[in-house]
Amino acid sequence: MQSLHHHQNSIPHYPSPPSNGGVSVNVLGQPLGVGQSSPGSASSQIITPHWQQQLLKCEMIRASRSPHHRARASAMASRTVTKSAIPITNPNKPPPETVLKESEGVENSISPSTTGEPSTNGASSNVNHPSSTVAPVAEAPRPTATKPPENSWSSLDMGGVQIKNLPPTSGLFSFTFLINLYLNHNALATIPPEVARLRHLELLDLSGNNLQTLPPEMGMLTKLKELYLFDNHIATIPPELGTLHQLQTLGIEGNPLEPSLKAIVQKEGTPALISFLRDSCPIPAPPPPRSLRDLLAPGEREALHEDPNIEVFSVLCFNILCEMYATERLYGYTPSWALEWSYRRDLIMAELLKHQADFLCLQEVQTAQYEEYFVPKLGSAGYEGVYYPKSRYKTMNEADRRLVDGCAIFFKKSRYQLVEQHPLEFSTVAMQRPDFKKTDDMFNRVLIRSDIAVICLFENIETGTRHVIANAHICWDPKYSDVKLVQVALLVDEVEKVANSFAKYPPRPPSDGPPVKPPPTYSDGTKIPIIISGDYNSVPGSGVYEFLTNGMLPGDHPDFLSHSYGRYTSDGLRHRLGLKSAYAGIGELPITNYTPSFHGAIDYIWYSTANLSVNAVLSEVDRGYLEKVVGFPDAHNPSDHIPIFSEFRIKPLRDAQARPPPVFPNPSHA
């Protein structure tokens, strides 16, 4: 034990530069008398509120040198509490409490809660952003949000026990549920990159070791709020740590840190240093290009090219992240220059033009950007567009209206003719339904939303084949799963209605030129090829996905949250479109939305299986790349979503007509 104390007390200390004209002050900024010195320092300190907090925490950490200091101190302070387990409180996190457990000579502070729910930094989770992505510092309680694995304890105190080495294979790095980890006052010379596996850490104490460098992979620990590095030998901070956007304290006192970096912390605090590191970090290598995954056998693809009677078309769906939502508050891990619209828009346009899709279904298109950028740029590439903003634009003046985002459908005007367009304001359509009684559920949940969809009817100029293309942006809020279902049900009802009406239109008159085969006729709307795409803010296990895939959903489905919505909840949801997700054949993509607080599939291209088949889809983002980046947008990905793409072939109409539409039982009795 003597050698342990000798090691701890012999840690060199690197004082801060003098200030205040050379007058020594204590951590509260008060002048020191004769014979006094500033705590833990041979010289005076630069005193700002930021640095004052730094020094106070440094003193606290320096007082924690003894083995398992925090666990033992908490136990002693709590012995008067009559409980089966002794609670301790993490000073850097609000309740719930944690309790102490001693096992095999190592005290582990463990949480009685099994949820492992990380704190949200006190920020409201009700951020008005229509995407799945909620402010990383205000994580919404999505059921699929990244949470620590359930465990009976979430903190581990391994401080002051003379640990000299942490091998990469250490079992410590399998404790992915950890929220607080204390490795202070040991003899560690390095921290292995595998520490990045502990993605749920909010506090990491590495003070009082022999560290000279930090692994850049620590930038993956985006939930960190407190990172203590006091009293080491660290001269610089890797710029990759600029992604630690929730970090409140970076403890640097007692290190020979580069003066320019230390000055930022002293004058402006930890967040300013993190922003500096983030914006000055070198641009990483781009991910490998996403390839087109062919679902046809080589012989089928060759036969497809040789058959002039088979029509092929393609659809790209992309939530582009509108300029108004791309803020540092929401995306603090993204370099500020990579959030700028002037930078992102060119990457977005390159992505749109790369795949040469016949139909582009875009969400979060700001009105001004649609008119000033997308229309001219895509127009010069042979596209024509249809756009409708979210319904809240009606309540705004002209200047504010231009900031509202909406949904756009662009189509190749050389191949397709727009027949009709149907904007769909979900709140307006809901008000018009006689079975939707004007209840509190309607007024407080459905009608407050401004979400919209756009449905367009097209004809192929050459063949007369008709298409119904729908593009929707569904309610993002996870607390409103019932509203998501209502909106999707309203969308499907409207698609069925306009498709049936479209089927009754007479064939277009033949155009001048060489004779071609007569255009197809349709007995009802289910015979027309239908695409329903968009950002549905719903994962594959949701009620929305189940309804669209199966064509039915019981009215007592849990996602309705026991709210009442007329026939939707009394009889259940039904549709006869025979839909399937374009990616269902190979499995949904692991992610279509990727942020530190959420990653999963929420964007889809649904197609009518009676008359369409999938030829190919765009593959997933390289998983090796995803393991190295904390979230999108980044230097190479201009949105928090990725584009999805599918190529379809139209089945011969006679085959489609021979197959009757599906008939489902009453879902409320299923």
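Predicted model only: the values in this text are computed from it and were never measured. (Residues numbered from 1 in each chain as written. Predicted model: local features only at pLDDT ≥ 70, side-chain atom pairs only at ≥ 80, totals over all residues. Heavy atoms only, no water.)

## A short note on the packing of helix α13 (residues 481–503) against helix α14 (residues 543–550)
Which entries qualify depends on this criterion: What counts as an axis is a line fitted to C-alpha atoms, over the stretch in contact for a helix, and the angles between N-to-C directions run from 0 to 180 degrees. Only runs of H or I of at least four residues qualify as helices and only runs of E of at least two qualify as strands under DSSP, and these elements are numbered from the N terminus. In what follows, roughly perpendicular refers to angles from 65 to 115 degrees, roughly parallel to angles under 35, roughly antiparallel to angles over 145, and oblique to any angle outside these ranges. By the definition used in this description, the sense in which the near helix is turned from the far one sets the handedness, with an anticlockwise turn below a right angle giving left-handed and a clockwise turn giving right-handed. Contacts: residue pairs with any heavy atoms within 4.5 Å of one another. In this classification, the charged set is Asp, Glu, Lys and Arg, the nonpolar set is Ala, Val, Leu, Ile, Met, Phe, Trp, Tyr, Cys and Pro, and all remaining amino acids, among them Gly, are polar.
In contact at an axis separation of 9 Å, α13 and α14 are set at 25° when each is read in the N-to-C sense. Of the possible angle classes, the one that applies to α13 and α14 is roughly parallel. Where α13 crosses over α14, the two elements pack in a sense that is right-handed. Contact with α13, carried on its side by K484, L485, V488, A489 and V492, involves G543, V544, F547 and L548 of α14 and no other residues of that element. Of the residues contributing to the contact of α13 with α14, the split by class is seven nonpolar, one polar and one charged.

## Some thoughts on the sheet that holds strand β9 (residues 292–294)
We count it as follows: Paired strands, in this sense, are two strands between which DSSP finds at least two bridges.
Taken in spatial order, the seven strands of this open sheet run β9-β24-β25-β10-β11-β13-β12, and their pairing is mixed. The open sheet has two edge strands with one neighbour each: β9 and β12 (383–389). In this sheet, neighbouring strand axes are inclined to one another by 25° on average, regardless of whether the strands run parallel or antiparallel. Packed on one face of the sheet, helix α6 (residues 298–306) meets β9, β10 (312–319), β24 (612–618) and β25 (644–650) and runs near 115° to β24. Packed on one face of the sheet, helix α8 (residues 341–354) meets β10, β11 (359–366) and β12 and runs near 160° to β10.

## Some remarks on the sheet that holds strand β16 (residues 466–473)
Read across the sheet, six strands follow the order β14-β15-β16-β17-β23-β20 without closing on themselves; strand pairing throughout is mixed. The open sheet has two free edges, formed respectively by β14 (416–425) and β20 (579–581), since each of these has just one partner strand. Across the sheet, the mean angle from the axis of one strand to that of its neighbour is 20°, orientation sign disregarded. Two elements, strand β17 (residues 530–535) and strand β23 (residues 603–608), share five bridges in a ladder whose sense is antiparallel. Each bridged residue has a counterpart across the sheet, and for G534 the counterpart in β23 is Y604.

## Observations regarding the nonpolar core
Counted only if it meets this: Only buried Ala, Val, Leu, Ile, Met, Phe, Trp, Tyr and Cys residues count toward a nonpolar core, and they belong to the same one when joined by side-chain atoms within 4.5 Å. Any residue under 20% of the maximum accessible area for its type is buried, any over 50% is exposed, and the rest in between are partly exposed; the area is computed with a 1.4 Å probe on protein chains only.
Grouped together as the largest cluster of nonpolar side chains are 57 residues, with contacts concentrated most on F374 and F648. Those residues in contact with F648 that sit more than four places away from it in its chain are E311, V312, F313, V315, I531, A582, I605, Y607, L612, S613, V614 and N615. In terms of nonpolar packing, the next biggest core, distinct from the first, is built from 48 residues, I455, L457, L490 and Y522 among them.

## Digging into the pattern of salt bridges
For clarity, the threshold we go by: For salt bridges, the criterion is a side-chain nitrogen of Lys or Arg within 4 Å of an Asp or Glu carboxyl oxygen.
In total, this model carries 21 salt bridges according to the counting rule given. Note that R466 and E459 form a salt bridge whose closest N and O atoms lie 3.0 Å from each other. Note on accessibility: R466 and E459 belong to one class, buried. Here R623 ties to E620 by a salt bridge, and the two come within 2.6 Å at their closest N and O atoms. Here the salt bridges share partners, and the residues they tie into one network are R278, D279 and E328.

## Notes on the layout of surface pockets
As a reminder, the rule being used: Throughout, the protein atoms alone are placed on a 1 Å grid, and a set of points is a cavity if a 1.4 Å probe fits but cannot get out or a pocket if it is open with protein on both sides within 12 Å along at least five of seven lines; lining residues have an atom within 4 Å of a point. Grid points are joined across faces, edges and corners, and a volume is the space filled by probe spheres set on the points.
Approximately 640 Å³ is the volume attributed to the largest pocket. Considering the residues around the largest pocket, the lining is formed by 30 residues, among which E240, C281, P284, K628 and V629 are closest to the centre. Split into classes, the residues belonging to the lining of the largest pocket amount to 17 nonpolar, six polar and seven charged.

## Focus: the side chain of S314
Relative to the assigned elements, S314 resides in strand β10. On the basis of relative accessibility, which here comes to 6%, the residue S314 falls in the buried class. Setting aside residues no more than four positions away along its own chain, S314 makes contact with Q356, A357, D358, F359, F645, S646 and E647.

## Here we look at α14
Because each turn of an α-helix spans 3.6 residues, side chains separated by three or four positions in sequence point in the same direction. Within the sequence span of α14, burial applies to G543, V544, Y545, F547 and L548. Directly after α14, the chain includes G551, whose backbone phi takes a positive value near 80°.

## Observations concerning unusual backbone geometry
Residue P633 is bonded to the preceding F632 through a cis peptide linkage, with omega at 0°. Within the secondary structure, P633 is located in the loop between α16 (623–626) and β25. One non-glycine residue, E364, lies in positive phi territory at about 60°. As for its placement among the helices and strands, E364 is situated in strand β11. The backbone of L561 shows a phi angle near 55°, a positive value even though the residue is not glycine. Mapped onto the elements of the fold, L561 is located in the loop between β18 (552–553) and α15 (566–570). Classification of L561 as partly exposed rests on a relative accessible area of 38%.

## Quick word on the pairing of strand β15 (residues 452–460)
Burial runs high along β15: nine of the nine residues are buried. The alternating pattern of β15 places I452, V454, C456, F458 and N460 and A453, I455, L457 and E459 on opposite faces, both of which are buried. Sheet topology places β14 next to β15; nine bridges connect them, and they run antiparallel. Along β15, the bridge assignment pairs E420 with L457. Relative to β16, β15 is paired through seven bridges, and the arrangement is antiparallel. By the bridge assignment, L457 is partnered in β16 with V468. Linking two consecutive strands that pair antiparallel, namely β15 and β16, is a turn of five residues; a positive phi of about 80° is found at G464 within it.

## Thoughts on the environment of N184
With respect to the helices and strands, N184 occurs in the loop between β5 (180–182) and β6 (203–205). Considered as a pair, N184 and L229 are 45 residues apart in the sequence and their alpha carbons are 8.6 Å apart. If sequence neighbours within four positions are ignored, N184 has contacts with S64, R70, G159, G160, D205, L206, S207 and N209.

## Here we look at the packing of helix α2 (residues 49–62) against helix α4 (residues 259–268)
The angle between the axes and the distance between the axes are what describe a pair of packed helices. Remark: α2 packs on α4, axes separated minimally by 5 Å, with the N-to-C direction vectors making an angle of 105°. Comparing their axes, α4 and α2 come out roughly perpendicular. Here α2 contributes H50, W51 and Q54 to the contact with α4, which in turn contributes K262, V265, Q266, K267 and E268. When the residues that make up the contact of α2 with α4 are grouped by side-chain class, the tally is two nonpolar, three polar and three charged.

## Overview of the packing of aromatic side chains
For any two aromatic rings, the description comes down to two numbers: the centre-to-centre distance and the angle of the planes. What counts is decided by this rule: When two rings of Phe, Tyr or Trp (its six-membered ring) have centres within 6.5 Å they constitute a pair, described as stacked for plane angles under 30 degrees, edge-to-face for angles over 60, and tilted for the intermediate range. Here, a charge over a ring is recorded when the distance from Lys NZ or Arg CZ to the ring centre is within 6 Å and its angle to the ring normal is within 35 degrees.
Scanning the model with the defined rule gives 26 aromatic pairs in all. Arranged with centres 5.7 Å apart and planes meeting at 20°, the rings of Y228 and F230 form a pair that is stacked. Its relative accessible area of 0% is what places Y228 among the buried residues. Chaining the aromatic ring pairs together yields one cluster made of F313, F359, F411, Y416, F458, Y607 and F648. Positioned over the ring face of F436 is R433, at 4.9 Å from the centre of the ring. Above the plane of the ring of Y480 lies R445, whose end atom (NZ or CZ) is 4.2 Å from the centre.

## What about the confidence of the model for the protein chain?
Defined as follows: A score from 0 to 100, pLDDT tells how confident the predictor is in each residue.
Mean pLDDT over the protein chain: 83, with 79% of residues reaching 70 or higher. Scored below 50 in pLDDT, residues 130–144 makes 73 contacts in the model with residues more than four places away or belonging to other chains. Low pLDDT (under 50) marks residues 655–660, which in the prediction has eight contacts with non-local residues, meaning those over four places away or in another chain.

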